Amino acid sequence: MWGNLIAQPISTRHRLNAQAQLILHMDGLESSWEVMNARAHELNKGLSNPSLPLPADDQLSRELRLTLGEIKIDFGPRVKNFLLLFTQQRRSTTEAMLGVSNIYAPVIERRLVEMQLPLAFAYLPAALSAYHLQATSEDGSAGLWQLNYYVAIKQGLICNATVDERRDLYKSTRAALNHIADLNRLYGDWGLTLLAYTCSPASIARARERAGARANFEQMYPFLPEGKRDFVPAFAAAAYV
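What you see is a predicted model; the values in this text were computed from it and never measured. (Residues numbered from 1 in each chain as written. Predicted model: local features only at pLDDT ≥ 70, side-chain atom pairs only at ≥ 80, totals over all residues. Heavy atoms only, no water.)

Chemist: Just checking my understanding: could you explain the packing of aromatic side chains for this structure?
Modeler: Note on aromatic pairs: each is described by the distance of the centres and the angle between the planes. Within the structure shown, the criterion is met by four aromatic pairs. Relative to Trp190, the ring of Phe121 has its centre 5.8 Å away and its plane inclined at 65 degrees; by these criteria the two rings are edge-to-face. With Phe121 in the loop between helix H5 (91-115) and helix H6 (124-129) and Trp190 in helix H9 (residues 190-199), the pair connects residues that are 69 residues apart, well separated along the chain. Per residue, the accessibility class of Phe121 equals that of Trp190, and both read buried. The interplanar angle of 25 degrees and the centroid separation of 6.2 Å between the aromatic rings of Phe121 and Phe235 together place this pair among those described as stacked. (Phe/Tyr/Trp six-rings, centres within 6.5 Å; stacked < 30°, edge-to-face > 60°. Helix = DSSP H or I, 4+ residues; strand = E, 2+ residues; numbered from the N terminus. Buried < 20%, exposed > 50% of the residue type's maximum accessible area, 1.4 Å probe, protein only.)

Chemist: What is the right way to read the pattern of salt bridges from this model?
Modeler: According to the stated counting rule, one finds ten salt bridges in the structure shown. Put simply, Asp164 and Arg166 hold a salt bridge, and the shortest N to O gap is 2.9 Å. A salt bridge links Arg185 to Asp182, with the shortest nitrogen-to-oxygen separation between them at 2.4 Å. Taken together, the positions of Arg185 and Asp182, both in helix H8 (residues 169-187) and three residues apart, correspond to about one turn of that helix. Taking relative accessible area as the criterion, Arg185 reaches 63% and is therefore assigned exposed. (Salt bridge = Lys/Arg side-chain N within 4 Å of Asp/Glu carboxyl O.)

Chemist: What exactly am I supposed to notice about helix H10 (residues 201-211) here?
Modeler: Side chains that are three or four residues apart share a direction in an α-helix, a result of its 3.6 residues per turn. Three or more residues of H10 are buried, namely Ser203, Ile204 and Ala207. In a view along the axis of H10, the buried residues occupy a sector of 100 degrees, so they form one face of it. The inward-facing, buried residues of H10 abut H8, H9 and helix H11 (217-220). Gly212 lies just past H10 and shows a positive phi near 115 degrees. (Arc of directions from axis to C-beta. Contact = heavy atoms within 4.5 Å.)

Chemist: Would you mind showing me how to read the packing of H9 against H10 here?
Modeler: The angle between the axes and the distance between the axes are what describe a pair of packed helices. At their nearest, the axes of H9 and H10 sit 7 Å apart, and the two run at 110 degrees to each other. Classified by the angle their axes make, H9 and H10 are roughly perpendicular. Two secondary-structure elements touch here, H9 through Leu192, Leu195, Ala196 and Cys199 and H10 through Pro201, Ser203, Ile204 and Arg208. In terms of residue class, the contact of H9 with H10 is made up of six nonpolar, one polar and one charged. (Axes fitted to C-alpha atoms, helices over the stretch in contact; angles between N-to-C directions. Parallel < 35°, antiparallel > 145°, perpendicular 65-115°, else oblique. Nonpolar A, V, L, I, M, F, W, Y, C, P; charged D, E, K, R; others polar.)

Chemist: In this structure, what is going on with the environment of Ala135? I would like to understand it.
Modeler: Residue position: Ala135 is located in the loop between H6 and helix H7 (149-154). Residue Ala135 is classed as buried on the basis of its relative accessible area, which comes to 2%. For Ala135 and His25, which are 110 residues apart along the polypeptide, the C-alpha to C-alpha distance reads 5.9 Å. Filtering out sequence-adjacent residues up to four positions away, Ala135 remains in contact with His25, Ser129, Ser141, Ala142, Gly143, Gln146 and Arg167.

Take a look at the structure:
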């Protein structure tokens, strides 16, 4: 009977970190018909936007606090790295992403106002999926809001072999914002709510066990999932951009 068994290779590859996942989603956005059409239009008109240097760090920190409002995220090297990714290393794709956001952000903002949630959450999809509605991550999270299967089902979305409502702008936005509201009722803090959305409440609980019950993001950072923990600074940078 042993001859019928097939050896299964064991993967030793680490999960992609947040920046690598975001770059993949940005590349996917570049190949979408919306962006390809916009690129052709831009070339025909000979349009180009000059690259501008980032402000000094102290000014960036002040402006970031104003941008994020109730969501408290400290400016630091990780946020700066994503700012450089958006504004310099992947500037062209960022411009495309901002163009696509003009389609999606108004829908999200209206729902945020209705639910009395911080408006800065309208820019969370920029960090999670680069506003690419068809984005899929290696852990199976999908859509604009990168909802995993279990959260999507809990929030009433249909996810099967023929229909995946995580890729529906209106239904996924409703589900994601309901999930954010549920998490904030649990934590009572928008920063922790954001962290729980990107890393999961279970990950926060494990990180707090090791870093302390009152630990802040930087103290918990080494104990958070490597593939998820940098979505918080990515969100801060995306909101600022």
